[in-house]
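Letter by letter, the chains look like this.
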Amino acid sequence: MMNSTRCAACKYLRRRCSPDCIFSPYFPPNNPQRFLEVHRIYGASNVAKMLEKAPVNQRAEAANSIHYEAHCRIKDPVYGCAGIITLLNQQINDAQCELAKIQAEIAALNGHHADILPPYQQITDASSFANYPVEGDGAFPATHDPSFPQFYLNS
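The structure displayed is predicted, hence computed values, not measured ones.

Criteria and thresholds
- In every chain, residue numbers begin from 1 and rise along the written sequence.
- A pLDDT threshold of at least 70 governs which residues receive local features in this predicted model, and a stricter bar of 80 or more applies before side-chain atom pairs are shown or counted, although totals over entire chains, interfaces and linings include all residues.
- In computing side-chain properties, one takes all heavy atoms of the structure into account and sets aside hydrogens as well as water.
- Secondary structure counts use DSSP, requiring at least four H or I residues in a row for a helix and at least two E residues in a row for a strand, with both numbered from the N terminus.
- Burial status follows relative accessibility: with a 1.4 Å probe on protein chains alone, a residue under 20% of its type maximum counts as buried, one over 50% as exposed, and anything between as partly exposed.
- Only heavy atoms enter the contact rule, under which two residues are in contact if any of them lie within 4.5 Å.
- Only one rule defines a salt bridge in this text: a Lys or Arg side-chain nitrogen within 4 Å of an Asp or Glu carboxyl oxygen.
- Note on terminology: a nonpolar core comprises buried Ala, Val, Leu, Ile, Met, Phe, Trp, Tyr and Cys residues joined through side-chain atoms within 4.5 Å.
- To obtain each axis, a line is fitted to C-alpha atoms, and for helices this fit is confined to the stretch in contact; angles are then taken between N-to-C directions over 0 to 180 degrees.
- Here is the rule for angles: anything less than 35 degrees is roughly parallel, anything more than 145 is roughly antiparallel, 65 through 115 is roughly perpendicular, and the remaining ranges are oblique.
- Ten residues, namely Ala, Val, Leu, Ile, Met, Phe, Trp, Tyr, Cys and Pro, are considered nonpolar, four, namely Asp, Glu, Lys and Arg, are considered charged, and the remaining ones, Gly among them, are considered polar.
- A helix's residues, less one, multiplied by 1.5 Å, set its expected span.
- In this scheme, patches are assembled from residues that exceed 30% relative accessible area and form no salt bridge. Like charges are connected within 9 Å, while nonpolar side chains (Val, Leu, Ile, Met, Phe, Trp, Tyr) are connected within 5 Å.
- For the area figures, the Shrake-Rupley method with a 1.4 Å probe applies, and any residue is considered shielded solely by the protein chains shown.
- Each Phe, Tyr or Trp ring (for Trp, its six-membered ring) is paired with any other whose centre lies within 6.5 Å, and the angle between the two planes then decides the class: stacked below 30 degrees, edge-to-face above 60, tilted in between.

Peer 1: When you look at the overall build of the protein chain in this model, what are you seeing that I'm missing?
Peer 2: Counting its regular elements, the protein chain contains 5 helices and 0 strands. Secondary structure elements in the protein chain, listed N-terminal to C-terminal, are α-α-α-α-α. Burial statistics for the protein chain: of 155 residues in total, 28% are counted as buried. For the protein chain, restricting intrachain contacts to residue pairs at least 6 apart in sequence, the fraction spanning at least 24 positions comes to 41%.

Peer 1: Before we go on, may I ask you to explain the pattern of salt bridges in this structure?
Peer 2: One pass over the structure, following the stated rule, counts 1 salt bridge. Among the ionic pairs, Lys101 bridges to Glu98, the shortest N-O distance being 3.5 Å. In this pair, Lys101 and Glu98 are both assigned in helix α5 (residues 81-110), 3 residues apart and thus about one turn of the helix distant.

Peer 1: What is the right way to read the nonpolar core from this model?
Peer 2: Buried together is how nonpolar side chains tend to be arranged in soluble globular proteins. Core analysis: the largest hydrophobic core is formed by 19 residues, its most contacted members being Cys7, Phe23, Phe27, Phe35, Val47 and Leu51. Elements that contribute at least two residues to this core include exactly α1 (8-13), α2 (32-42), α3 (44-53) and α4 (59-75). Broken down by element, the residue count for this core peaks at 4 residues, all from α3. Residues within four places of Cys7 in sequence aside, it is in contact with Cys17, Cys21, Phe23, Ser24, Phe27 and Pro29.

Peer 1: Which parts of the structure should I look at to understand the packing of α2 against α4?
Peer 2: In a packed pair of helices, the relevant descriptors are the angle between the two axes and the axis-to-axis distance. With their axes 8 Å apart at the nearest point, α2 and α4 run at an angle of 70 degrees to one another. Put simply, α2 runs roughly perpendicular to α4. Taken together, the residues of α4 that come into contact with α2 (itself represented by Arg34, Glu37, Val38, Arg40, Ile41 and Tyr42) are Ala63, Asn64, Ile66, His67, Glu69, Ala70, His71, Arg73 and Ile74. Class assignment for the residues of the contact of α2 with α4 results in 7 nonpolar, 3 polar and 5 charged.

Peer 1: So what exactly am I meant to see when it comes to α4 here?
Peer 2: Side chains of residues three or four places apart in an α-helix project in the same direction, reflecting 3.6 residues per turn. The end-to-end C-alpha separation of α4 is 24 Å, in line with the 24 Å expected for 17 residues at 1.5 Å each. Those residues of α4 that are buried lie in contact with α2, α3 and α5.

Peer 1: Can you walk me through a nonpolar patch on the surface in this structure?
Peer 2: Among the surface-exposed residues, Tyr68, Ile84 and Leu88 lie close enough to one another that they form a single nonpolar patch of about 260 Å² accessible area. If you trace the backbone, Tyr68 turns up in helix α4.

Peer 1: Looking at this structure, I do not really get the packing of aromatic side chains. What am I missing?
Peer 2: Two aromatic rings, taken as a pair, are described by how far apart their centres are and by the angle between their planes. Counted by the stated rule, this structure contains 4 aromatic pairs. Feature note: the residues Tyr12, Phe23, Phe27 and Phe35 constitute an aromatic cluster, connected by ring pairs.

Peer 1: So what exactly am I meant to see when it comes to the packing of α2 against α3 here?
Peer 2: Two elements in contact, α2 and α3, have axes separated by 7 Å at closest approach and are oriented at 100 degrees. In this view, α2 runs roughly perpendicular relative to α3, as classed from their interaxial angle. Contacts between α2 and α3 involve Phe35, Val38, His39 and Tyr42 on the former and, on the latter, Ala44, Asn46, Val47 and Met50. Its residues assigned to classes, the contact of α2 with α3 comprises 6 nonpolar, 2 polar and no charged.

In structure tokens:
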């Protein structure tokens, strides 16, 4: 008779779950989808080898990482985790550009020069903003300082 406390891996593989089963701590019986995703991408034998090679104190993290990578690969078969990393990097870059634009606008509105911005955020010429729309009629305000390009950007 089969033990009812078999881990999700042993249930799926239809085998008896031994007390020293490499899968049981990381693939509980109440979450069979976790093992199914991992098995679909890596195979049970490869996952067992990866977990056995990992130091005991890092196996839980390894199992979580293997599951996350398998889940991402199922959701995005072409890029997997790399697609998510690329997307997050793009969001960081977009946020940094938006911050630089806002800081430049604040500096322009306050009449400060661009040298107060950190070097990676300095705006050196008007061509970098050529494709951003200008507010209002595009005319400079009466306080325009010709020594500093003032840009009025829509957010």
